[in-house]
Amino acid sequence: MSDTPSDRDETWTGDTDPRPLALYRAGFGALLCAEALGRVPYAPELYSSEGFHRSRFHVPLPSPGVSYVVVLAAALASAAVSLGWRTRAAALTAMALWGWLFAIDQINEKALHSLALVVLALLALSDAGAVGSLDALRARRAGAAPITRVWITPKRLLQLHFAQVYFFAGLGKLFAAGWVTGQVLSLSASSRWATGAGLWVAGWMPETAWRALALLTILYEIVGPWLLFVPWARPWVLALGLSFHLGIQVTLGVGWLGVHFMLALATLYPAPTTWRRVFEAATALRGRAVASDAPPVQTPRA
């Protein structure tokens, strides 16, 4: 059987279409930039020598004024990743800055910190800036040929990273008191983390439904991530996962973490044939839009 690009996209060491990884890079950088900007007003309390911290690492603490600069620099580096400007250097810079912030304070959103650090390392290893980036625009203006295939292994490592996060989160819930019974979910929907929609659901949802939802969550997190690597199961797992995270975002105030997972599910896991159809449809729509904007051709009179 011939080795087509679509076939090679399902391997672990070949090459792949660079566009899905570029979409993930752009979205991830934007989300990380928004997260950093949201922390700027609280930088002295979170990260300065005058704030309150809990850390296992002995790292230098910036002054209150410098803490603003560090968080703003993390936002700028994350924005550079999103735009694909000096992509590898931007990813390494963002990783260093977010790593410093994580080393200072492990109270605030430590799951997001660890997730971001691994992703930034893998993006620095990858060719995520090959297309859809300022780097690609600069290369095109310099006369370089467009890049149509990139090394697939960093993308595969990103897939494994998110899969293991799901898996170990599910194991933790399985052995945590109150999770299997649904108590944790029901209490969360009535806590300060709940949104208006969450409080509304908590007002009428019966105990048996909470328990069923908790068991489904644990089952999805333990089994679902590995089924993402099975072609026939992938569409169903993606649909369930996106619905799962959307429900959490609507009912609980959990920040950007759930959106990160939705972005990863939507960009890193769909089959190559799915992406090819999406990009072909987008190209066709763009072609029709350009044709409709073109001025009418004037035919000379006899």
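Predicted model only: the values in this text are computed from it and were never measured.

Give me the overall build of the protein chain: which residues, what numbers.
On a plain count of helices and strands, the protein chain comes out with 14 helices and two strands. For the protein chain, the residues scored as buried account for 40% of the 302 residues in total. By sequence separation, contacts in the protein chain at least 24 residues apart represent 75% of the contacts at least 6 residues apart. Carbon together with sulfur atoms contributes 69% to the accessible area of the protein chain, which is approximately 16,300 Å² in total.

Describe the pattern of salt bridges, with residues and values.
Tallied over the full model, the rule gives six salt bridges. Put simply, Asp15 and Arg149 hold a salt bridge, and the shortest N to O gap is 3.2 Å. Taken together, the residues span a long stretch of sequence, with Asp15 in strand S1 (residues 15–16) and Arg149 in the loop between helix H7 (134–141) and strand S2 (150–151) at a distance of 134 residues. Residue class for Asp15 comes out partly exposed when judged on its relative accessible area of 21%. Relative accessible area serves as the criterion here: at 24%, Arg149 is assigned to the partly exposed category. Here Glu35 ties to Arg39 by a salt bridge, and the two come within 3.0 Å at their closest N and O atoms.

Tell me about the side chain of Ser78, residues and numbers included.
Tracing the chain through its elements places Ser78 in helix H4 (residues 64–83). If near-sequence neighbours (up to four positions away) are discounted, Ser78 is found in contact with Gly29, Leu32, Cys33, Ala94 and Trp98.

Any chance you could break down the packing of helix H2 (residues 18–39) against helix H13 (residues 257–268) for me, citing the residues and the numbers?
The contact between H2 and H13 brings their axes to 9 Å, and the two run at 170 degrees. In this view, H2 runs roughly antiparallel relative to H13, as classed from their interaxial angle. Counted together, Pro20, Leu21, Leu23, Tyr24, Gly27, Phe28, Leu31 and Leu32 of H2 and Val259, His260, Leu263, Ala264, Thr267 and Leu268 of H13 form the full contact between these two elements. The residue inventory of the contact of H2 with H13, partitioned by class, reads eleven nonpolar, three polar and no charged.

So what's going on with the environment of Arg211? Residues and values would help.
Looking at the element boundaries, Arg211 is found in helix H11 (residues 207–227). The sequence separation of Arg211 and Leu185 amounts to 26 residues, and the corresponding C-alpha distance is 8.4 Å. Setting aside anything within four residues of it in sequence, one finds Arg211 in contact with Val180, Thr181 and Gly182.

What counts and how
- Residues numbered from 1 in each chain as written.
- Predicted model: local features only at pLDDT ≥ 70, side-chain atom pairs only at ≥ 80, totals over all residues.
- Heavy atoms only, no water.
- Helix = DSSP H or I, 4+ residues; strand = E, 2+ residues; numbered from the N terminus.
- Buried < 20%, exposed > 50% of the residue type's maximum accessible area, 1.4 Å probe, protein only.
- Contact = heavy atoms within 4.5 Å.
- Areas by Shrake-Rupley, 256 points an atom, 1.4 Å probe, with all protein chains shown as cover.
- Salt bridge = Lys/Arg side-chain N within 4 Å of Asp/Glu carboxyl O.
- Axes fitted to C-alpha atoms, helices over the stretch in contact; angles between N-to-C directions.
- Parallel < 35°, antiparallel > 145°, perpendicular 65-115°, else oblique.
- Nonpolar A, V, L, I, M, F, W, Y, C, P; charged D, E, K, R; others polar.

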